[in-house]
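Structure assessment
What follows is each chain in one-letter form.
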Amino acid sequence: MGVVNVTPDSFSDGGQYLDPAAALAHARQLLAEGADVIDIGGESTRPGAAPVSEDAELARILPLLEALRDAPVPISVDTRRARVMREALLAGASMINDVEALESPGALDAVAASDCAICLMHKKGDPATMQRDPQYADVVAEVKEYLAARIAAAEQAGIARDRIVIDPGFGFGKTPAHNLDLLRRLDEFRSLGVAVAAGWSRKSTLGVITGKPVAERLAASVAASLLAAQHGAHILRVHDVAETKDALAVWQALRAR
Ligand code: 7PJ
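Residues numbered from 1 in each chain as written. Predicted model: local features only at pLDDT ≥ 70, side-chain atom pairs only at ≥ 80, totals over all residues. Heavy atoms only, no water.

With that out of the way, let us pick up the overall build of the protein chain. When its secondary structure is counted, the protein chain shows nine helices and eight strands. Computed over the C-alpha atoms, the radius of gyration of the protein chain is 17 Å, within 12% of the 18 Å expected from 2.2 N^0.38 for a compact globule of 257 residues. C-alpha extents for the protein chain along the principal axes are approximately 45 × 40 × 40 Å. The burial tally for the protein chain puts 53% of its 257 residues in the buried class. (Helix = DSSP H or I, 4+ residues; strand = E, 2+ residues; numbered from the N terminus. Rg over C-alpha atoms; globule rule 2.2 N^0.38 Å. Buried < 20%, exposed > 50% of the residue type's maximum accessible area, 1.4 Å probe, protein only.)

Spelled out as structure tokens, the structure:
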């Protein structure tokens, strides 16, 4: 899953693709590199991000969705808001990626009313404050219990299981130690019986591990994505599609014998 942020403030590529033409060119680039899904975001959810109005979020993503209507792969929209979900689905999105796991008012119904795929992500707290000393007794157990409950809520609302993806939400209210525990034990999420997604690309835990700023985290991001795949992830949410695919190809060549 290749990330296209149409935001002025996303932590790794904020501002680069705010211009619709630049965002479209970037999406086409990720498609050429072999992305299997494009994930479009119009609201930054990074720690400390400023909120954006619904209208502004829609104004950012709708032109890109229209331009990608003929894309050969599913287009996902990263949003927490029911109205944005509904409009995005009308404009051709076939997946919703929600860092609030359909908790906002009307979100379950907006997704249930369509046949789109849905990624339910765990986060602890709000983006503004979530990195202030997050605490868990057992981070894997707590995140898994939350995602199991959200799968149940989605099914209750009429969303079939085979439409659902879960994501432990690396970096969303988690310390580096929590993120590493979740990665080490990622395969335990597979027992929930739905596809598992993982997003490590350029995240701050990689900066803590390598001591490098966000612009220099490519190798660490590729390594973390490969490890996530080896630990059971089905979908990797990444900024650097070509490099990640090369790493996966080496692993797959090793396995195919
Ligand atoms: C994630 C996400 C993630 C899913 C962001 C960033 C911060 N959606 N949206 N998983 N992260 N499903 O781009 O690093 O990890 S926003």
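Once that is clear, we can look at the pairing of strand β5 (residues 117-121). For β5, a buried count of four out of five residues is recorded, marking the element as mostly surrounded by other parts of the structure. Relative to β5, strand β4 (residues 95-98) is paired through four bridges, and the arrangement is parallel. Across the sheet, the residue bridging to Asp98 is Leu120, located in β5. You can see the chain leave β4, run along helix α4 (residues 107-112) and come back into β5, and the turn it takes is right-handed. In this sheet, strand β6 (residues 164-167) lies alongside β5 in parallel orientation, the contact comprising four bridges. The residue of β6 that forms the bridge with Leu120 is Ile166. For the segment spanning β5, helix α5 (residues 139-156) and β6, crossover handedness is right-handed. (Pairing = 2+ DSSP bridges. Right-handed = clockwise from strand over helix to strand, strands pointing away.)

Moving on, we get to the sheet that holds β5. What the eight strands build is an open sheet, ordered β1-β2-β3-β4-β5-β6-β7-β8; its pairing is parallel. Two strands in the sheet have a free side with no partner beyond their single neighbour: β1 (2-5) and β8 (235-236). Sheet topology note: the strand β3 (residues 75-78)/β4 ladder contains three bridges and is parallel. Along β4, the bridge assignment pairs Val77 with Ile96. The strands touched by α5 within the sheet are β5 and β6, with β6 carrying the most contacts at an inclination of about 160 degrees. (Contact = heavy atoms within 4.5 Å. Axes fitted to C-alpha atoms, helices over the stretch in contact; angles between N-to-C directions.)

As a further point, take the packing of aromatic side chains. Tallying each qualifying case throughout the model produces one aromatic pair. An angle of 40 degrees between the planes, with centres 4.9 Å apart, marks the rings of Phe170 and Trp200 as tilted. Here the residue Phe170 occupies a position in the loop between β6 and α6 (176-184), and Trp200 occupies one in the loop between β7 (195-198) and α7 (204-210), the gap between them amounting to 30 residues. Neither residue differs from the other here; Phe170 and Trp200 are each classed as buried. One Lys or Arg, Lys124, reaches over the ring of Tyr136 and ends 4.5 Å from the middle of that ring. One residue, Arg255, lies across the ring of Trp251, its end atom 4.0 Å from the ring centre. (Phe/Tyr/Trp six-rings, centres within 6.5 Å; stacked < 30°, edge-to-face > 60°. Lys NZ or Arg CZ within 6 Å of the ring centre and 35° of its normal.)

Before going further, it helps to examine the environment of Ala117. With respect to the helices and strands, Ala117 occurs in strand β5. Separated by 43 residues in sequence, Ala117 and Pro74 place their C-alpha atoms 9.4 Å apart. In this view, Ala117 contacts Ser94, Met95, Ile96 and Arg163; residues no more than four positions away in its chain are not counted.

Here we take up the site of the ligand. In the region of the ligand, twelve residues are neighbours, and Asp78, Asn97, Asp167, Lys203 and Arg237 sit closest. Asn97 is positioned with one of its side-chain polar atoms (N or O) 2.8 Å from a nitrogen atom of the ligand. Within the side chain of Lys203, an N or O atom sits 2.6 Å from an oxygen atom of the ligand. Alone, the ligand offers 390 Å² of accessible surface; in the complex the protein occludes 95% of this. Of the residues that constitute the shell around the ligand, the class distribution is five nonpolar, three polar and four charged. (Near = heavy atom within 4 Å. Polar contact = N/O pair within 3.5 Å; in protein donor to acceptor, adjacent residues only side chain to side chain. Areas by Shrake-Rupley, 256 points an atom, 1.4 Å probe, with all protein chains shown as cover. Nonpolar A, V, L, I, M, F, W, Y, C, P; charged D, E, K, R; others polar.)

Here the focus is the environment of Asp126. The topology assignment puts Asp126 in the loop between β5 and α5. Classification of Asp126 by relative accessible area gives partly exposed; the value is 46%. The spacing of Asp126 and Gly173 is 47 residues in sequence and 8.0 Å in space, taken between C-alpha atoms.

Overall, the coordinates contain 16 salt bridges when judged by the stated rule. The residue Asp39 makes a salt bridge to Arg237 at a minimum N-O spacing of 3.0 Å. Taken together, the residues Asp39 in strand β2 (residues 38-41) and Arg237 in the loop between β8 and α9 (241-255) connect sequence positions 198 residues apart. Of the charged contacts, one joins Lys124 and Glu142 as a salt bridge, the two residues approaching to 2.7 Å between their closest N and O atoms. (Salt bridge = Lys/Arg side-chain N within 4 Å of Asp/Glu carboxyl O.)

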